[in-house]
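Given next are the chains, with one letter for each unit.
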Amino acid sequence: MQDLTKHISAFPFIGFVLGGIILYMILRIIQIVLIRFIENSKIISKINRVYSIIELFIGELYILWIISYFLKNSPSIGIVLSIILITSIGLIFWYAGRDFISGFIIKSNSGFRINSRIKTNDIEGVIINFYARNLKLINDKGEKLIIPYSTLINKDILVRNRNKSRISKHIILKIDNVDNYNTLIKDLRFMIMMHPKSLVNIAPTISILSHKKGVCNVEIDITARDNNGLTDIETYLKKELKNQKV
């Protein structure tokens, strides 16, 4: 222990700790400023996902600089810190990298496509998006789930790949007591997009045909993979509109 400390005073340790805190604060301030001046929610979401990786990379560069200092002034401490850094990087790649690798394996399977339905012992839903480390599902309750790829490896997965061409249908609904057309259209679009049989990458077309004697006729263009899906969506809309005042 004396060999580790005899060439180093307490000042470098305190300086490096304070430097790390200051560096962390600067990175946080930059992130806050970027998010405040950017109004696009999609860009903000990408920044939040990527910025943590940038912070990790800068932090590792800072630690490498600290290690180089100690290797010159106290090789024993430098070697210990190097071992700690290598171990930390190994753990990071194990927990984060395995999702990337699992993602390549899973996405190479032709059955995993947007709008395909997958089922395991724990989860079931329709794939609505792929990301670098996980995929997004929507289940029968309309809940969106983020599933890491590594949780799907070595599991029995039932994939229902919908290869049929998408089909559409025009339906006309009669709705009573409509006060605001914009709110009505917004609510109808939300109900359709949340339905598990609806194709989430195709926005429904909704038009107000007429509004006479308190009754509003609305034409809706819904899209699904098959006729059963169209029927389920239409039945669901009629039931929801009957149970609530839109």
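Residues numbered from 1 in each chain as written. Predicted model: local features only at pLDDT ≥ 70, side-chain atom pairs only at ≥ 80, totals over all residues. Heavy atoms only, no water.

**A word on the overall build of the protein**
Next, step 1: A tally of regular secondary structure across the protein gives 6 helices and 8 strands.
Next, step 2: Secondary structure elements of the protein, listed N to C terminal, follow the sequence α-α-α-α-β-β-β-β-β-β-α-β-β-α.
Next, step 3: Split into buried and exposed, the 246 residues of the protein put 30% on the buried side.
Next, step 4: In the protein, the proportion of contacts linking residues at least 24 apart, taken out of those at least 6 apart, comes to 60%. (Helix = DSSP H or I, 4+ residues; strand = E, 2+ residues; numbered from the N terminus. Buried < 20%, exposed > 50% of the residue type's maximum accessible area, 1.4 Å probe, protein only. Contact = heavy atoms within 4.5 Å.)

**Observations concerning helix α6 (residues 227-243)**
Next, step 1: Spanning 17 residues, α6 covers 24 Å between terminal C-alpha atoms, matching the ideal 24 Å at 1.5 Å per step.
Next, step 2: Three or more residues of α6 are buried, namely Gly229, Leu230, Ile233, Glu234, Leu237 and Leu241. Down the axis of α6, the sector holding all buried residues measures 135 degrees, keeping them to one side. Turned more than 90 degrees from where α6 packs its buried face, Asn227, Asn228, Lys239, Lys242 and Asn243 sit exposed. (Expected span 1.5 Å × (residues − 1). Arc of directions from axis to C-beta.)

**Regarding the packing of aromatic side chains**
Next, step 1: As enumerated under the stated definition, the model contains 1 aromatic pair in all.
Next, step 2: Centre to centre, the rings of tyrosine 62 and tryptophan 65 are 6.0 Å apart; their planes meet at 45 degrees, and the pair counts as tilted. With tyrosine 62 and tryptophan 65 both in helix α3 (residues 41-73), this residue pair falls 3 residues apart, about one helical turn.
Next, step 3: Taking relative accessible area as the criterion, tyrosine 62 reaches 18% and is therefore assigned buried.
Next, step 4: By relative accessible area, tryptophan 65 is classed as exposed at 51%. (Phe/Tyr/Trp six-rings, centres within 6.5 Å; stacked < 30°, edge-to-face > 60°.)

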